[in-house]
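# Tertiary structure, described
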Amino acid sequence: MLQLVEYLKRLGPLVVGLLVLYLIDPFHTDYLFGYMLTAFVFLKKNFLLRQLDGNFLLLAFFSVTYALFYSFNLYLGSQYIVIYIFFPLGFYLLGKFLVEKANSPSSLFNLMVAIGFVFSLVALLSVVLNILEGGFVQLERDVPMLWGGAPPAATAMATYFLFNMCIPAVLVSRTKEMNNFVKVLLLVIFLISVYCVLRLGSRTQLLITLFTLAASVLFIVTKQSARRNIVLFGGLFILLNIGLNYVNLDSKSDLMTSYASRMDSKKYGAGTAGGRTERWAKSLNNLVEKPFGWSLDEFGYAHNLWFDVLRVTGIIPFFLLVIFSVRSILNTKRAITANPNNVAISNLFLVYMLAIFLQFLVEPIFDGIYHLFVFFCLLQGVINGYAKKFVLKPMKT
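Described in the following lines is the structure provided in the data block. Please read these numbers as outputs of a predicted model, since none were measured by experiment.

## Looking at the packing of aromatic side chains
For the structure on display, the rule yields 42 aromatic pairs. When the ring of Tyr-22 is compared with that of Phe-87, the centres are 6.2 Å apart and the planes differ by 70°; the resulting orientation is edge-to-face. Within this pair, whereas Tyr-22 is found in helix α2 (residues 13-24), its partner Phe-87 is found in helix α6 (residues 79-100), the two being separated by 65 residues in sequence. You can call Phe-87 buried: its relative accessible area is 2%. Ring centres of Phe-357 and Phe-376 lie 5.7 Å apart, and the angle between their planes is 85°; this geometry places the pair in the edge-to-face category. Note that Phe-357 is positioned in helix α16 (residues 343-362) and Phe-376 in helix α18 (residues 370-391), a separation of 19 residues in sequence. The same class applies to Phe-357 as to Phe-376, namely buried.

## Observations concerning helix α7 (residues 105-134)
With 30 residues, α7 ought to run about 44 Å at 1.5 Å a step, and its terminal C-alpha atoms sit 43 Å apart, in line with that. The axis of α7 is deflected most strongly, by about 45°, at Leu-121. Taken across its 30 residues, α7 has 21 buried, putting it largely inside the fold. Backbone geometry just after α7 places Gly-135 at a positive phi near 85°.

## Quick word on the packing of helix α5 (residues 54-70) against helix α14 (residues 305-313)
Their axes nearest at 9 Å, the elements α5 and α14 cross at an angle of 45°. The angle between the axes of α5 and α14 places the two elements in the oblique class. Counted together, Phe-62, Tyr-66, Phe-69 and Tyr-70 of α5 and Val-309, Val-312 and Thr-313 of α14 form the full contact between these two elements. By residue class, the composition of the contact of α5 with α14 is 6 nonpolar, 1 polar and no charged.

Rules behind the numbers
Residues numbered from 1 in each chain as written. Predicted model: local features only at pLDDT ≥ 70, side-chain atom pairs only at ≥ 80, totals over all residues. Heavy atoms only, no water. Phe/Tyr/Trp six-rings, centres within 6.5 Å; stacked < 30°, edge-to-face > 60°. Helix = DSSP H or I, 4+ residues; strand = E, 2+ residues; numbered from the N terminus. Buried < 20%, exposed > 50% of the residue type's maximum accessible area, 1.4 Å probe, protein only. Expected span 1.5 Å × (residues − 1). Bend = angle between axes of the 7 residues up to and from the residue. Axes fitted to C-alpha atoms, helices over the stretch in contact; angles between N-to-C directions. Parallel < 35°, antiparallel > 145°, perpendicular 65-115°, else oblique. Contact = heavy atoms within 4.5 Å. Nonpolar A, V, L, I, M, F, W, Y, C, P; charged D, E, K, R; others polar.

Pasting the structure below:
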C-alpha cells in the first residue's frame, strides 16, 4: 500500500486527480477531464516523440478514419469527432506515462488494480443504494447512476463491474505486492460486485469471472510448485462446494429474479448469446453487401465492438480496428512470455485483456460504454511501455 502511495506521488496530483475524475464521471462530465488528460500527455515536452511507435500510428489511423466517417452522421453530436480522434491516442500515451513513472512492475500491478476498482465505484454505489431503497427484487433491471439522468441499460451498467469480476483471477497468483488486509478487502468488493451484477441480471459478467479464473489458473500452474498447485486446487474445490451448498441459484430464487424471463428463452437464452448470434450473422452478411455501413433501424445494435464499428463507419475503420486488436493481443503475449518471473503483473495483463475482449465480443462499446475502449487503449499503453522498460532489452548494434 505504501508503495502505491509513493508511486501516486511520483505521478503527481494533477494526473491522479484528473484520471479519477474521468473514471467516476461526476455528473456526466467525463469528457472535460479526458480533454485535460489528453492535452497533458500531448503537450508534455518531448514525451510524444519518445513514446511514438507503430501501435500509436495504427491507433491514430483507426481513430481518424472512424471520426471522419462518423462525421457524416453526427448522431451523438459533433463533439465526438474530437473525442474519437484524441481520447484513444491520449490514453494510450497516458498508459506509457504511467509506466515511465513506475519504479517496478509491482507499482504498476497495484495501480491497475486500483484503477479497475475506481472504474466501478460509482456504478457499485448506485446499485447498492438502489437495492437499499427498493429491495433486491424489482421490476426493472436498469438502475440510474448516482449522478442522475436517464438510467443506462443494465448491460452497460454491469460493464463497469468488469474488473471487479476479475479479482479472484488476479488474486490466484502469488501477489506479494499486497498485504492480507488488501486481499480481504478486494474479496469483499468482489462479493458486493457479484450481488450487484445479479441485481442487474448480467450473465456476461458472471461468465467473465469463470473464464478469467480458468485462464489464470492455467497460466499460474505452470509457474509454481506442485505443493502450491495442490493448495490452489484444494482451495478452489472448497470454495466451489461452499458456493453450491449455501447459495440458492434456483431460477425461482430472489437472486435469479433478473434472469428468470431469459433463462429458457429460445431467442435470448445462452445458446444464442442473448439473441446476439443472429445479429452477428447479419453483420457478416452486410460486410459484403453493405461495406460502407447500414442503419441502426435494420436490426439494431450488432452487440459486438467490431461489427458495430462496421455498422457505423464501414469497412475501412473495421479492418483497422481488427488489425489493432490482433496486434494488441500479440503485444500482450510478448509482454507476458518475455519475462516469466513477473508472474503477478503478467497474470493481470492476461486477465484484464481477456475480460475486455469478452466484453467487446458481446456489446456495442462505442455506443454503449466508450469508457471501456479508452481504458483498453490505456492498458495497451501500459503493456507496451512495460515491455519496453521492464522486459525487453534493447538490441545491440
